[in-house]
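Remarks on the overall topology
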Number of protein chains: 4
Amino acid sequence: MIIVLKPEATRQHADELLARIGALGLTPLHMPGTERVVLGALGDERQLEQLQLDAHPMVESVQRVLAPYKLVSREMHPHDTVVSVGGVPVGGVRVVVMAGPCAVESAEQMRETADAIRAARGAVLRGGAFKPRTSPYAFQGLGRRGLEILREAADATGLPAVTEVLDAADVPLVAEFADALQVGARNMQNFRLLQAVGAAGKPVLLKRGMGAKVEDLLMAAEYVLAAGNPDVILCERGIQTFETATRNTLDLNAVPVIKQRSHLPVIVDPSHGTGRRELVIPMAKAAVACGADGLLVEVHRDPAAALSDGRQSLYPAQFAALMNELEPFAAAAGRTLR
Amino acid sequence: MIIVLKPEATRQHADELLARIGALGLTPLHMPGTERVVLGALGDERQLEQLQLDAHPMVESVQRVLAPYKLVSREMHPHDTVVSVGGVPVGGVRVVVMAGPCAVESAEQMRETADAIRAARGAVLRGGAFKPRTSPYAFQGLGRRGLEILREAADATGLPAVTEVLDAADVPLVAEFADALQVGARNMQNFRLLQAVGAAGKPVLLKRGMGAKVEDLLMAAEYVLAAGNPDVILCERGIQTFETATRNTLDLNAVPVIKQRSHLPVIVDPSHGTGRRELVIPMAKAAVACGADGLLVEVHRDPAAALSDGRQSLYPAQFAALMNELEPFAAAAGRTLR
Amino acid sequence: MIIVLKPEATRQHADELLARIGALGLTPLHMPGTERVVLGALGDERQLEQLQLDAHPMVESVQRVLAPYKLVSREMHPHDTVVSVGGVPVGGVRVVVMAGPCAVESAEQMRETADAIRAARGAVLRGGAFKPRTSPYAFQGLGRRGLEILREAADATGLPAVTEVLDAADVPLVAEFADALQVGARNMQNFRLLQAVGAAGKPVLLKRGMGAKVEDLLMAAEYVLAAGNPDVILCERGIQTFETATRNTLDLNAVPVIKQRSHLPVIVDPSHGTGRRELVIPMAKAAVACGADGLLVEVHRDPAAALSDGRQSLYPAQFAALMNELEPFAAAAGRTLR
Amino acid sequence: MIIVLKPEATRQHADELLARIGALGLTPLHMPGTERVVLGALGDERQLEQLQLDAHPMVESVQRVLAPYKLVSREMHPHDTVVSVGGVPVGGVRVVVMAGPCAVESAEQMRETADAIRAARGAVLRGGAFKPRTSPYAFQGLGRRGLEILREAADATGLPAVTEVLDAADVPLVAEFADALQVGARNMQNFRLLQAVGAAGKPVLLKRGMGAKVEDLLMAAEYVLAAGNPDVILCERGIQTFETATRNTLDLNAVPVIKQRSHLPVIVDPSHGTGRRELVIPMAKAAVACGADGLLVEVHRDPAAALSDGRQSLYPAQFAALMNELEPFAAAAGRTLR
């Protein structure tokens, strides 16, 4: 950690701070310059956080040397982690396409969509039983009945199922039905939920918040790993920017950035990431090209009649086209698709 | 609602959509232009949301005419709402200053800080017992013991207490000790928590998320009101932007925007909003000048020793100075401060 | 254009506005709803802009039905435009890779880099003679001498040359030496410069501003086309967001969005777009995968000794690797690379 | 400057970098830690920029200790600069209100508006003769004739005049008629224009770009000062964010941030900053409360008939109200208004 003192700081202030650093068992460094005094502290920066050195009135700024996350970092764990979702490995050679409707609406809708996904050789089934909706007047999901329907469709097609959990109290219920637990963008910093899924014994699909930096996402994953669950899949799904041509700005840069910093697998959700059906296929290809380990795609048997997010859902025929068009890009990336 | 069709849409597509609008009991309108066909639908737009018209393959865009929130809107409820927090009215003539440490750390720290706040005639005491921390290795708060300490300090000084609740399951516990329940920025779209505080029978202090538009904040408040709780105070606390000179960008424009759209009181948190102690006083003045009903300010008896967010906490003497300097601005706004 | 009136607007206000719309020769529409009166105006929206209807005190909001650009729009011109840069077609089947150093530093540096680019079969040479630098103390480019060096390197290798022009007064000079004129991100809304390059008789490479929406970029291109120059290549190069892991956020979504809205070719600059050398190759692949017509890549014979932007420049060997690794992605996209 | 090396860097790499630092005459520092080696370089960081240390393949990150601007910094020049605009001091005890129409449209419009501004005791007249418009089809200003009209109105009312200059070539013409030269947000990084106004011998009003950090604004001002012109007034006018309730997000935090870092006066433009007439008065008050030295406000005798930006222009009566309502806030800030 590098600590820059204010111009008015005296030698006494520097000594006081150096003593506090030393008292933690870390190595303090004193670097007096012509315009500023700079202090250094070498060692585990997690301990230094405790000192809250930036709160000191004579400290101008504090700059970390090391990343604030540990368990998720590639430095701690150089090899790629492969997470098994109901037997499907995520993070290996296969680009894993997870698909399904935004919301589970009925057994027929789910079964029909699942059949289409399986026919196109999608790898994992998705579908929301508990829906986080911006409006209290919008469809909130079928709850437990939705979980049952999802499980039936998954079992019938032999696809593992992933679904969102909204609240720590629901974790046991959702874990009973799902092969992986999704934590949505709006809950990325719901730390109670992160701790609960960290203890649930099921893989976690953690989506980046719309206002979260990559570092914030990695810190959220650190919560899950710190709670004892190493099976975390990260998901880029678009961030808030000033651009209005897309609902969010899908930030594909996050894929190689995360790959460099972390050993965890990363997938991309081009449906929420762009909010527009016609952008899903090009951005899915781009995601695979820059190294994504998988995709999360919304598919509905009849998007124009969907109860939520129909605007961004693919028709089954479009999903089949996506899978076909994606194939050469997966191959170009040295990977397989199905 | 205004529905713009794609250039390739036929009369048949238009008729199909008009029929769906009419079937909901709304008035459909047909406006054929030279370059685009535009449809209109007049009536309760909440019903129209169900139709998901933007998911239709022949629809280019859908534009709402009315706001998506109802209960929080000024149109529904033209007069300012005044929320009582333990007897202190928020939204009336008095600018209500809520102050205290980021986290409750000990009975002594809390009592000393509370005394300083009371001496400077702050109106409400704040202090976190459950802390949402970016890092799992950071201090997470004292939990129940923190609530007890906060209550004791509040009772001793006669100040009402507000504190954050992180999870729906904690609402009854926190409601037992606090005069108002704070929902933090990271939980602004934790809809389960919004529903739980909506049923708690205590006023709610709802902070704007770092990636949330004003409209998103109003929709989050709509959840609380729709759950039966009319006592919501909104809080602007900074949004995510590209600017790095401040930790967040405090968006004071939100204050007059909310005042125009909603009847709910609005307060401003210049401590989190800027993340820097030396900006708190000028931005607090600006908040009062543009119409804020109150402030939420971090004060710590010794910020350099604080367990969290010391960088943005005022020293007690600075808080006293803030209250003195704020006085003429409150008067200029036709309000009182104490 | 759709005009939503305020709740307090009377029939008289509506009639007044309808009369102003009719007076322009457009078709006025009156749609009285239960909560709001909505007016419509059908016809050339460029004329409607003149009315400044949103300035009327009884107008709540104005929503356009049609895009504000005409000449650049795909509706006006459905087929892809192919722009010839010194004989190299941009926008056709070949993915055109433009490469070179950020700044022209010396004849040797330029010649050596150009040879490396040609050897790897890059298509166009780039290099800055006039550099827009954030700091007045940074290297500002060699000016006219830089243009001469660039031309010599281009002629020696048989590659066309593209270089930036900073000011309307420099357009004739730069046009004398370059095969295409680059307008940089910081000048995207320097309308005098846009008009000048519109009259220069050379193709224009127009980079998106860091704070510009896609629509703003298309409007800037409209300036060039309206000045008589149809040969515009658009370039995505990263926008300002809250994310700090990359210098800018390369917004690849812009590629398919522009392709849908405009007939102009689009290229991507992953060097400036990410600001980090190690992200250039993955994002270049992604750009090709989502439909980019070309790339703009910084290459320097010795990035660690570069006078500007060395952090994001590829070593010649990395550029050769990029070209090799890109090949299968170009093929997957149904295109050729060299 | 602090240089963090990559984990794989050897002692040899460190020595090589330390030698380069020493060769510049700066003091090199070596700080070997357990997980990273950190180097320091103490001295004039402008020299260090030349080294482009972040381009070195073994350098992980480079962190500046000192600000990159010098002439504009408060460290170099601790006392507030006061800039005289035609005899009106900006940066002193008086809050200077500059007002006028977005564009000069006619002698009558200008004269009538100027009279209203003078009657309400505005201090400076503004009006655009060269207009930077997003659309090439929008009104582009009256040019030289507009300058003449502005000058006449200024002379008739005794108010100094400020107007925008779009291009370096126009600087002599505009300087002939105006008391201060405005550089607009879209030209904030038009470095040729900055150099030209730096040599013009007239005060410069420099507006912050919509995608510019405060640091970028200060660097742009540094260009003007470095060209020999010390008379720069900075202007906050809104930045690009995801919020759509306002046209831009007026970032008032910039006011106290700039005041801490720089000695230059700062004014605020709430008209462009919010884009909505009804937000101008509250945000103007807030600007004065947080320390702005002045305001730039759009006023039009008939906004509904304005040729540009009518949506955000005040009616003359509203301007008079603004001046009256502002008075107690100026007094609360220890300043005068007229």
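Procedures and definitions
- Residues numbered from 1 in each chain as written.
- Chains lettered and ligands numbered in written order.
- Predicted model: local features only at pLDDT ≥ 70, side-chain atom pairs only at ≥ 80, totals over all residues.
- Heavy atoms only, no water.
- Contact = heavy atoms within 4.5 Å.
- Buried area = accessible area lost by both parts, 1.4 Å probe.
- Salt bridge = Lys/Arg side-chain N within 4 Å of Asp/Glu carboxyl O.
- Polar contact = N/O pair within 3.5 Å; in protein donor to acceptor, adjacent residues only side chain to side chain.
- Helix = DSSP H or I, 4+ residues; strand = E, 2+ residues; numbered from the N terminus.
- Nonpolar A, V, L, I, M, F, W, Y, C, P; charged D, E, K, R; others polar.
- Least-squares fit on C-alpha atoms with pLDDT ≥ 70 in both.
- Buried < 20%, exposed > 50% of the residue type's maximum accessible area, 1.4 Å probe, protein only.
- Patch = residues over 30% accessible without salt bridge, like charges linked within 9 Å, V, L, I, M, F, W, Y side chains within 5 Å.
- Areas by Shrake-Rupley, 256 points an atom, 1.4 Å probe, with all protein chains shown as cover.
- pLDDT = per-residue confidence, 0-100.
- Pairing = 2+ DSSP bridges.
- Axes fitted to C-alpha atoms, helices over the stretch in contact; angles between N-to-C directions.

1. Structural notes on the interface of chain A and chain B
- Counting residues at the interface gives 49 residues for chain A and 49 residues for chain B.
- At the boundary of chain A with chain B, total buried surface from both sides reaches about 3,900 Å², with 48% on carbon and sulfur atoms.
- The largest per-residue losses of area from chain A upon contact with chain B belong to Gln52(A), Tyr137(A) and Arg192(A), which jointly make up 17% of the total buried on that side.
- On the surface where chain A and chain B come into contact, there are two salt bridges.
- Across the salt bridge formed by Asp170(B) and Arg192(A), the nearest N and O atoms sit 2.5 Å from each other.
- In this structure, the connection of chain A to chain B is made through 22 residue pairs in polar contact (both at pLDDT 80 or more).
- Sorting the residues of the side of chain A that touches chain B by element identifies α2 (45-51), α6 (191-198) and α7 (214-226) of chain A as the ones contributing at least two each.
- The dominant element in the side of chain A that touches chain B, judged by the number of residues it contributes, is α7(A), at five residues.
- Per-class residue counts for the side of chain A that touches chain B are 21 nonpolar, 13 polar and 15 charged.

2. Details of the interface of chain D and chain B
- The interface of chain D with chain B comprises 37 residues on the first partner and 37 residues on the second.
- Here chain D packs against chain B, burying approximately 2,900 Å² in sum over the two surfaces, 66% of which is carbon and sulfur.
- Three residues, Phe242(D), Asn253(D) and Phe329(D), lead the burial of chain D against chain B; their summed loss comes to 22% of the area buried on that side.
- On the surface where chain D and chain B come into contact, there are two salt bridges.
- Linking Arg208(D) and Glu243(B) is a salt bridge whose minimum nitrogen-to-oxygen distance equals 2.7 Å.

3. What to know about the relation of the copies chain D and chain B
- Overlay of chain D on chain B (RMSD 0.0 Å): rotation 180 degrees, translation along the axis 0.0 Å. In the structure described here, the two chain copies are related by an operation that fits a two-fold rotation axis. For chain D, the smallest separation between a C-alpha atom and the rotation axis is recorded for Ala286(D), amounting to 2.0 Å.
- Take the interface residues of chain D: 100% of them recur as interface residues in chain B, which is what a same-surface contact looks like.

4. Quick word on the pattern of salt bridges
- Inspection of every chain in the model, using the stated rule, returns 97 salt bridges over all chains.
- Notably, a salt bridge pairs Arg126(B) with Glu298(B), separated by 3.9 Å at the nearest N-O pair. With Arg126(B) in strand β8 (residues 124-126) and Glu298(B) in strand β14 (residues 294-298), this residue pair connects regions lying 172 residues apart in the sequence. For the pair shown, Arg126(B) and Glu298(B) are each scored as buried.
- Overlapping salt bridges, with partners in common, bring together Arg144(A), Arg145(A), Glu148(A) and Glu152(A) in one network.

5. What about a nonpolar patch on the surface?
- Together, Leu71(A), Met76(A) and Tyr137(B) make up a nonpolar patch on the protein surface, roughly 270 Å² of accessible area in all.
- Looking at where Met76(A) falls in the secondary structure, it is placed in the loop between β4 (59-63) and β5 (83-85).

6. A closer look at the confidence of the model for chain A
- Of all residues in chain A, 100% have pLDDT values of 70 or greater, and the mean over the chain is 94.
- Interface confidence for the predicted complex, expressed as ipTM, amounts to 0.95; the pTM equals 0.96.

7. Re the sheet that holds strand β3 (residues 37-42) of chain C
All names here are of chain C.
- Spatially, β2-β3-β1-β4 is the arrangement adopted by the four strands of the open sheet, whose pairing is antiparallel. Of all the strands in the sheet, the pair left with one neighbour each is β2 (27-32) and β4 (59-63). Strand-to-strand twist in this sheet, taken as the mean axis angle between neighbours without regard to direction, amounts to 20 degrees.
- Bridge count between β2 and β3: six bridges; the pairing is antiparallel. Within the sheet, the bridge partner assigned to Pro 32 lies in β3 and is Val 37.
- This element, helix α1 (residues 11-23), spans β1 (2-5), β2, β3 and β4 of the sheet and lies at about 160 degrees to β2.

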